[in-house]
Amino acid sequence: MSVHSFSRNLPWIHWFAAAGVIAAGIYGAQLLASYDPSFGGLRRSPMLVAPMVGISDTCINIPDQAASEPLGLNCTGEQGSAAALLEATLARLDAPWLKSYALGYTLPVPLLQLFRQEGEAWAIDQERVQRVTRTIRDSNRPLILYLFSTHFSSHSPLEKVLAQDPGNVAHTPSGALPEDSYYGAPIYNWSVATTDNGISHYRTRAIQALVEDICQLPTRDVRKIRGITVLGELHQLFPSFETGMGFASDYAVTEYSPQSVAGFQNFLRSRFDRIEKLNLILKTRYGTFDEVRPPSKDIRKQALNQYEEHIDPFAHGTFPVSGWLFAPNSPSPRIHVYVNGQRVGTTAADLTRRDVLEAKPAFGHVNTGWRLDVDFRAMKPGLHGIDVYAELVPHRLTHLGHRQVAVMDREQRTPEQQPQHPLPASHAAGPGVEAALDQPQEHVALFYNPLVPLWHEFRGQQVVTYLSHFDRLLQSSCLGALPRYTHQLIPYANPSWDANKFAVDASLGNLLPLRAGISLYGEAAYGDSLRRWLRRSPHPSYGITEFHPLKPMSSDELRQVFAAHAARNADFLTFFLEPYWEGQALERTPNLFSFDSRNGAFGSDVLYEALRSRSARP
């Protein structure tokens, strides 16, 4: 067995092309009720399955004078809409197995693109709003309405203006985060700490204007809307978004603005009632809740005034044991983790690691990653041995690696070696097996600060509060009875990510009446990790707001994946698709993850042909 490690972690696959196109489409799958014993029930309604069609920048967000024959005449003018462009694009999808689905679309609305500048003011661009509404009116297909406004830029001039106000931007302990980029596309680090700021004000105005216009449609048109996704990916942010998702960089999270600090103090006051209760947990002597500050310094690099200031990737009380394993003759290898010779957990080696595949293309697949988080809060201060084994053959273990971690006390005394139990025997790995143990780093120092999990919980609550605010705008409108969904990422599917940086735990829980909408990339789109997550989640159904397996699939394989999601009570499934007019692709910067015959990235061209192939069984 040869052991390798790769230090580069690829960011999660969520990227909007430089053109800022966030257009989408959706298929409505007319499936019979099906039973999935692993999920636990019968389907309650058909599933919508969908591509995201790039219509916003090509048909909706364009001036009237941009009209050109023949597409421009359909998009612009008093009756202009994107319905004809949608129809021309969706008509190309003719795989036999798609015939059993009602073809629909997702209509994305970049909220900040609904404004135009009038002097120093910003007014609603009624023509753009009406093009959105007329698209709903003119297309006979069912749709998901996607109200888009996240840190990913929509290339609205208003974004630049709003980014100049620190009150709109998320704060680390060092201050407001500057504009960032992701795969070359701009990112604006909007705050979720308050709804009483400029970015929230303009998001609210855009939603209200759009909803008001939609509500003037005849009831038969409003009923075409099968659901609404709210805002898009919403989570806490951090510096260097493209490369800072893991554990290696200097630790900095949001949100440390003055209103957020005050909110954290109120959160603690509500949780503990009396400061003495908090002092008992923290072993502190705070006089009032107003004295408590969020943890913001790394004890390894900065001088602390008191221990509760410390925060790092592990200060909440767990550390990851993670790596990758390629075992060509073992279809479902298991990983066993031992602490001081005692097994503490087992996990599957089936998560996406694109960095490994890029370095080892002969492996042929990306599902080599694994991770298990170990709780060290009850471990005695001292040096602890971490050993990892792979079960390649039932009941036969192969040793993959050993690390020592140092659990530290508040006084940072020199840690002493802790007693070790005998480890299990190790057997030869067999031909072709390769592996790496990436985390933890040798002799990493672990400091538990009980204030940190409270801080992360509060940060997660901020995300929920912000989402719920905009959901309430919809509840009070004519669209209030429609299903509404989050549009959330699942960081746990990427073993290299520090999920606490995103603070999405609470927003992935039960937010009824807001339903679960999740984006699935790589193994999460087709493998077992989603099923494991669904078993632990409170959701009877879910929507797939973005979908890409990050590998080529035949028409039969893709059909089976769609059917599996339908069986697990997925309400809809969405993926990116490039627009076509009169049989030709439009000239535009394509989305990196669009299913399209011209896009060879991640097997996207093969996936597009799978939607057009006549070889699959119906």
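Here is a short report on the structure shown in this document. (Residues numbered from 1 in each chain as written. Predicted model: local features only at pLDDT ≥ 70, side-chain atom pairs only at ≥ 80, totals over all residues. Heavy atoms only, no water.)

1. Overview of the state of the cysteines
Next up, step 1: Counted according to the given criterion, the structure contains 2 disulfides.
Next up, step 2: One disulfide in the model links cysteine 59 with cysteine 75; its S-S distance is 2.0 Å. What sets the handedness of the cysteine 59 and cysteine 75 disulfide is the S-S torsion sign, and at about -105° it is left-handed. With a gap of 16 residues between them, cysteine 59 in helix H1 (residues 56–60) and cysteine 75 in helix H2 (residues 71–75) connect regions that are remote in the sequence.
Next up, step 3: On the accessibility criterion, cysteine 59 (1% relative accessible area) is buried.
Next up, step 4: Cysteine 215 shares a disulfide with cysteine 478; S-S distance 1.9 Å. (Disulfide = S-S within 2.5 Å. Helix = DSSP H or I, 4+ residues; strand = E, 2+ residues; numbered from the N terminus. Buried < 20%, exposed > 50% of the residue type's maximum accessible area, 1.4 Å probe, protein only.)

2. A few points about the pattern of salt bridges
Next up, step 1: Across all of its chains, the model carries 31 salt bridges by this definition.
Next up, step 2: In this structure, arginine 128 and aspartate 125 form a salt bridge, with 3.7 Å as the shortest nitrogen-oxygen distance.
Next up, step 3: Under the relative-accessibility criterion, arginine 128 is labelled buried at 15%.
Next up, step 4: For aspartate 471, the salt bridge is made with arginine 484, and the minimal N-O distance between the two is 2.3 Å. On the criterion of sequence distance, the pair formed by aspartate 471 in helix H11 (residues 451–475) and arginine 484 in strand E25 (residues 484–485) is long-range, its members being 13 residues apart. (Salt bridge = Lys/Arg side-chain N within 4 Å of Asp/Glu carboxyl O.)

3. Structural notes on the sheet that holds strand E26 (residues 514–515)
Next up, step 1: Strand order in the open sheet formed by 5 strands is E7-E10-E15-E25-E26, and the pairing between neighbours is parallel. In the strand order of this sheet, the two ends are held by strand E7 (105–110) and E26, each with one partner.
Next up, step 2: The strands that helix H4 (residues 126–138) touches are E7, strand E10 (143–148) and strand E15 (225–231); relative to E7, the one it contacts most, it runs at about 170°. (Pairing = 2+ DSSP bridges. Contact = heavy atoms within 4.5 Å. Axes fitted to C-alpha atoms, helices over the stretch in contact; angles between N-to-C directions.)

4. Remarks on helix H14 (residues 529–536)
Next up, step 1: Of all the residues in H14, the buried ones are Ser529, Leu530, Trp533 and Leu534. One side of H14 carries all its buried residues, which in axial view fall inside an arc of 135°. Residues Arg535 and Arg536 are exposed on H14 and point more than 90 degrees away from its buried face.
Next up, step 2: Where the residues of H14 are buried, they touch strand E19 (351–352), strand E27 (517–521), helix H13 (523–526), strand E28 (542–548) and helix H15 (555–567). (Arc of directions from axis to C-beta.)

5. Here's the deal with the sheet that holds strand E17 (residues 334–339)
Next up, step 1: Pairing is mixed in the open sheet, where 5 strands are placed in the order E18-E17-E21-E22-E24. Edge positions in the sheet fall to strand E18 (342–348) and strand E24 (444–446), since each has one partner strand and no second. Pairs of neighbouring strands in the sheet enclose a mean axial angle of 30°, with direction left out of account.
Next up, step 2: Judged from the 3 bridges that link them, strand E22 (residues 396–407) and E24 form a sheet pairing that is parallel. Following the sheet pairing, alanine 406 is matched in E24 by alanine 445.

6. As for the packing of H4 against helix H6 (residues 198–214)
Next up, step 1: Remark: H4 packs on H6, axes separated minimally by 9 Å, with the N-to-C direction vectors making an angle of 40°. In terms of their interaxial angle, H4 and H6 are classed as oblique. Classified by chirality, the crossing of H6 by H4 is right-handed. Taken together, the residues of H6 that come into contact with H4 (itself represented by Val129, Gln130, Val132, Thr133 and Ile136) are Ala209, Leu210, Asp213 and Ile214.
Next up, step 2: For the contact of H4 with H6, the per-class residue count stands at 6 nonpolar, 2 polar and 1 charged. (Parallel < 35°, antiparallel > 145°, perpendicular 65-115°, else oblique. Left-handed = near helix turned anticlockwise from the far one by under 90°. Nonpolar A, V, L, I, M, F, W, Y, C, P; charged D, E, K, R; others polar.)

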